[in-house]
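Working through the structure, step by step
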Amino acid sequence: MKVLVTGGAGYIGSHVVRELLDTGHEVVIFDNMSTGVEMNIDQRAKFVFGDILNPVEIDAVLKESVVAVFHLAAFKAAGESMLVPEQYAHNNLTGTINLLNSMLANQVDKFIFSSSAAVYGNPKYLPIDEAHPLMPENFYGFTKLEIEQILTWYAKLKGLRFAALRYFNAAGYDVQGRVRGKERNPANLLPVVMEVAAGERPGLEVFGDDYDTPDGTGIRDYIHVNDLADAHVKALNYLTTNSDNLLLNLASGIGYSVLEVIEEARKITGRPIPYEIVARRTGDPSDLYAKSNQAESKLGWKPRYSDLTTLLSSMWEIYK
Ligand code: WQD
C-alpha cells in the first residue's frame, strides 16, 4: 500500500518508515526537519519537505494517492509543553486537525496516530490498561487526548478509520543498526545515560531516590522503537481487514528503575556513568508500567526487543 508518514525523519518515524518498506509498502515521508535527522531518511522512500501547519502542502502530498496516514509529526517534551503550551497547541492540535481535514477532503480514510501514555496522567492503579481514567498531567498529554477524542468524533461523523497507539517510554535504536542519526538535545533517561557513557556529558542527574519503589528511584516501562514500528504496520493491516477502530497501549509490561538502567548501562558500555541524586522532577509519577493485552489480542503483537539489555545495547551501537 502507498502510505504517508508525517515526521518520517524523526526518531520513531524513521523506524516506522523502515518497517513499512521492509514489509512491502510504498512510503512518502512528509517532514519539516525541525527535529528530523537527514541521515535517517530511508532512500527507498519518497521525501517531501513540508509542514502540517500549511494546509496547501498537506493537500498536495495527499493527492499522491496514499491510502493511509501515519502521523508522527509532533512536539513531545512534556516539561516544555507546560512552558510554551501555545506552541504545542499550534503544532500538535492545529497541525493534526489540518491533516485530518485534508484527509477527509481527499478521501483518505485510514489514520495511525502516535498517542502517548501521557493521556493517563498519574496512575490510579498498575499496570495501566486502556480502561484507566484519562487525566493528563501536562499540556502535551492533553494535546494527545484531544486528538484521540476528535478521532472518535470523526469516525462517528465521517467514517474515519483510526488506530491511536499509546506509547509508553520509547527507547532503543534499530536492532539492525540502520538508523544511525542520534536525537538532538535529548531529555529522556536512556539517551542521556548514553551521552554520559560516551563522554558527551560529564554525568547524570537522578531525579529523586525517595520514591516508594524498591530502590527509591522512578520506574518506567521502556518500549523498543522496533517493537513500536512493528505495531504500526500491524495496526494498518488491522484497519484494512476489520471495521472497528483501535485505541491501545504499546508497552512491555515490565518496569525498570533509574538505578537499574544505570547499572545495566555500566555493564553494557563498560563505562563508569557517574551520577548524582538531585531533587524530584515536578510532575514525575513514581511508578509507571502497563498492560498491552489489546495490542496482543487484536494485533497479535508482542514486544520482542524491549528487554533492558537489548534496549541499551542497540543504543550503545550508535552512541559508542
Ligand atoms: C524516565 C525516568 C525520570 C532523565 C517522558 C514524557 C512522556 C513520554 C515519554 C512522549 C523518570 C528519570 C530522567 C534524567 C532521571 N513522552 N530521569 N534523570 O518522564 O517517564 O516520560 O517521555 O510521549 O510523556 O513525560 O521519561 O525518560 O524523561 O524519565 O532521573 O536526566 O528517568 O525522573 O523516573 P518520562 P524520562
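The following paragraphs examine the structure supplied in this document. (Residues numbered from 1 in each chain as written. Predicted model: local features only at pLDDT ≥ 70, side-chain atom pairs only at ≥ 80, totals over all residues. Heavy atoms only, no water.)

Here's the deal with the environment of Tyr-173
As a reminder, the rule being used: For helices the rule is a DSSP run of H or I covering at least 4 residues; for strands it is a run of E covering at least 2, with both sets numbered from the N terminus onward.
One can find Tyr-173 in the loop between strand 7 (169–171) and helix 6 (189–197). Along the primary structure Tyr-173 and Glu-317 are separated by 144 residues, whereas in three dimensions their C-alpha atoms are 8.4 Å apart.

Points about helix 7 (residues 225–241)
What counts here: Under the convention used throughout, the expected extent of a helix is 1.5 Å for every residue step, that is, one less than its residue count. Burial here depends on accessible area, computed with a 1.4 Å probe over protein chains only, as a share of the maximum for the residue type. Under 20% is buried, over 50% is exposed, and the range in between is partly exposed.
An ideal rise of 1.5 Å per residue puts 24 Å on 17 residues; helix 7 measures up with 25 Å between its terminal C-alpha atoms. Summarising burial for helix 7: 13 of the 17 residues are buried, a large majority.

Overview of the nonpolar core
The line we're drawing: Among the buried residues, those of types Ala, Val, Leu, Ile, Met, Phe, Trp, Tyr and Cys that are joined through side-chain atoms within 4.5 Å form a nonpolar core. In this analysis, two residues are considered to be in contact whenever any of their non-hydrogen atoms come within 4.5 Å of each other.
Counting 62 residues, the largest nonpolar core has Leu-20, Val-27, Phe-70, Leu-190, Leu-250 and Val-261 as the members making the most contacts within it. Considering every element that reaches this core, the biggest residue donor is helix 7, with 9 residues. Excluding anything up to four places from it in sequence, Leu-20 contacts Val-3, Val-5, His-25, Val-27, Phe-70, Val-233 and Leu-236. In this structure, Ala-73, Val-108, Leu-160 and Ala-164 belong to the second largest nonpolar core, which totals 25 residues.

So, the pairing of strand 2 (residues 26–31)
Note the threshold: A pair of strands counts as paired when DSSP detects no fewer than two bridges linking them. Classification remark: right-handed applies to a crossover when, strands pointing away from the viewer, the course from the first strand over the helix to the second runs clockwise.
Most of strand 2 sits out of view: 5 of its 6 residues are buried. Across 5 bridges, the pairing between strand 1 (residues 2–6) and strand 2 is parallel. Bridge pairing in strand 2 places Val-3 opposite Val-27. Read from strand 1 through helix 1 (residues 11–22) to strand 2, the crossover connection turns out right-handed. When strand 2 meets strand 3 (residues 46–49), the two strands line up parallel, connected through 4 bridges. Bridge pairing links Asp-31 to Phe-49 in strand 3.

Observations concerning the packing of helix 8 (residues 258–269) against helix 10 (residues 308–319)
Convention followed: Think of each axis as a best-fit line through the C-alpha atoms, taken over the contacting stretch in the case of a helix, with angles from 0 to 180 degrees between the N-to-C directions. Should an angle fall under 35 degrees it is called roughly parallel, over 145 degrees roughly antiparallel, and 65 to 115 degrees roughly perpendicular, with every other angle called oblique. Crossing handedness: left-handed means the near helix sits turned counterclockwise from the far one by under a right angle, and right-handed means the same turn made clockwise. Residue type decides the class: Asp, Glu, Lys and Arg count as charged, Ala, Val, Leu, Ile, Met, Phe, Trp, Tyr, Cys and Pro as nonpolar, and the leftover types, Gly among them, as polar.
Where helix 8 contacts helix 10, the axes come no closer than 10 Å and their chain directions differ by 55°. In terms of orientation, helix 8 and helix 10 fall into the oblique class. Of the two elements, helix 8 crosses helix 10, and the hand of that crossing is right-handed. The residues of helix 10 that touch helix 8, namely those facing Glu-260, Val-261, Glu-264, Ala-265, Ile-268 and Thr-269, are Leu-308, Thr-309, Leu-312, Ser-313 and Trp-316. Classifying every residue of the contact of helix 8 with helix 10 by side-chain character gives 6 nonpolar, 3 polar and 2 charged.

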